[in-house]
Amino acid sequence: QVQLVESGGGLVQPGGSLRLSCAASGFGFSNYAMTWYRQAPGKERELVAGISSTGGRTNYANAVKGRFTISRDNAKNTVYLQMNSLKPEDTAVYLCTVNRRGYDYWGQGTQVTVSS
């Protein structure tokens, strides 16, 4: 079965950095685009960044452009989100997702808190 397991979240001061990982299993990872979303308390889930199956194409939400970088290692079945220059408004649960055969699979998420 499809499994997505996020890790790497935590508490960081404004201006700091974190790298999130999403380990995938149960499907042909290298054949699928992957996406990171985030959800803050009381807010709707929003797209953060996406990456094509080969890693050759990426897209970002305007709010994170220039600060976040999405990447993937198909040999390790893992997608990453490098987050730099973090701001308090980046505080959220970060989730990775894959759409496989018309169904969206989600991980459990990892909490990122940006606070001094």
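You'll find the structure just up there.
Calculation criteria
Residues numbered from 1 in each chain as written. Predicted model: local features only at pLDDT ≥ 70, side-chain atom pairs only at ≥ 80, totals over all residues. Heavy atoms only, no water. Helix = DSSP H or I, 4+ residues; strand = E, 2+ residues; numbered from the N terminus. Contact = heavy atoms within 4.5 Å. Pairing = 2+ DSSP bridges. Axes fitted to C-alpha atoms, helices over the stretch in contact; angles between N-to-C directions. Core = buried A, V, L, I, M, F, W, Y, C linked by side-chain atoms within 4.5 Å. Buried < 20%, exposed > 50% of the residue type's maximum accessible area, 1.4 Å probe, protein only.

> I keep staring at the side chain of serine 52 and nothing clicks. Help me out?
Tracing the chain through its elements places serine 52 in the loop between β5 (46–51) and β6 (58–60). When near neighbours in sequence (up to four residues on either side) are disregarded, serine 52 contacts Ala33, Arg57 and Arg72.

> Looking at this structure, how should I read the sheet that holds strand β7 (residues 68–73)?
Working definition: the strands of a sheet are paired by backbone hydrogen bonds and lie parallel or antiparallel to each other. If you trace the four strands from one edge of the open sheet to the other, you get β1-β3-β8-β7, paired in antiparallel fashion. Each end of this open sheet is capped by a strand with a single partner; those strands are β1 (3–7) and β7. Ignoring which end each strand starts from, the neighbouring axes of this sheet average 15° apart.

> It is not clear to me how the nonpolar core should be interpreted in this structure. Could you clarify?
Where a protein is soluble and globular, its nonpolar side chains tend to be buried together. Core analysis: the biggest nonpolar cluster contains 29 residues, and Met34, Trp36, Leu81, Met83 and Tyr94 have the highest contact counts within it. Sorting the residues of this core by element identifies β3 (18–25), β4 (34–39), β5, β7, β8 (78–83), β9 (92–100) and β11 (110–114) as the ones contributing at least two each. Excluding residues that lie within four positions of it along the chain, methionine 83 makes contacts with Gly16, Ser17, Leu18, Leu20, Arg67, Phe68, Tyr94 and Val112.

Function-wise, these values are silent; they only describe arrangement.
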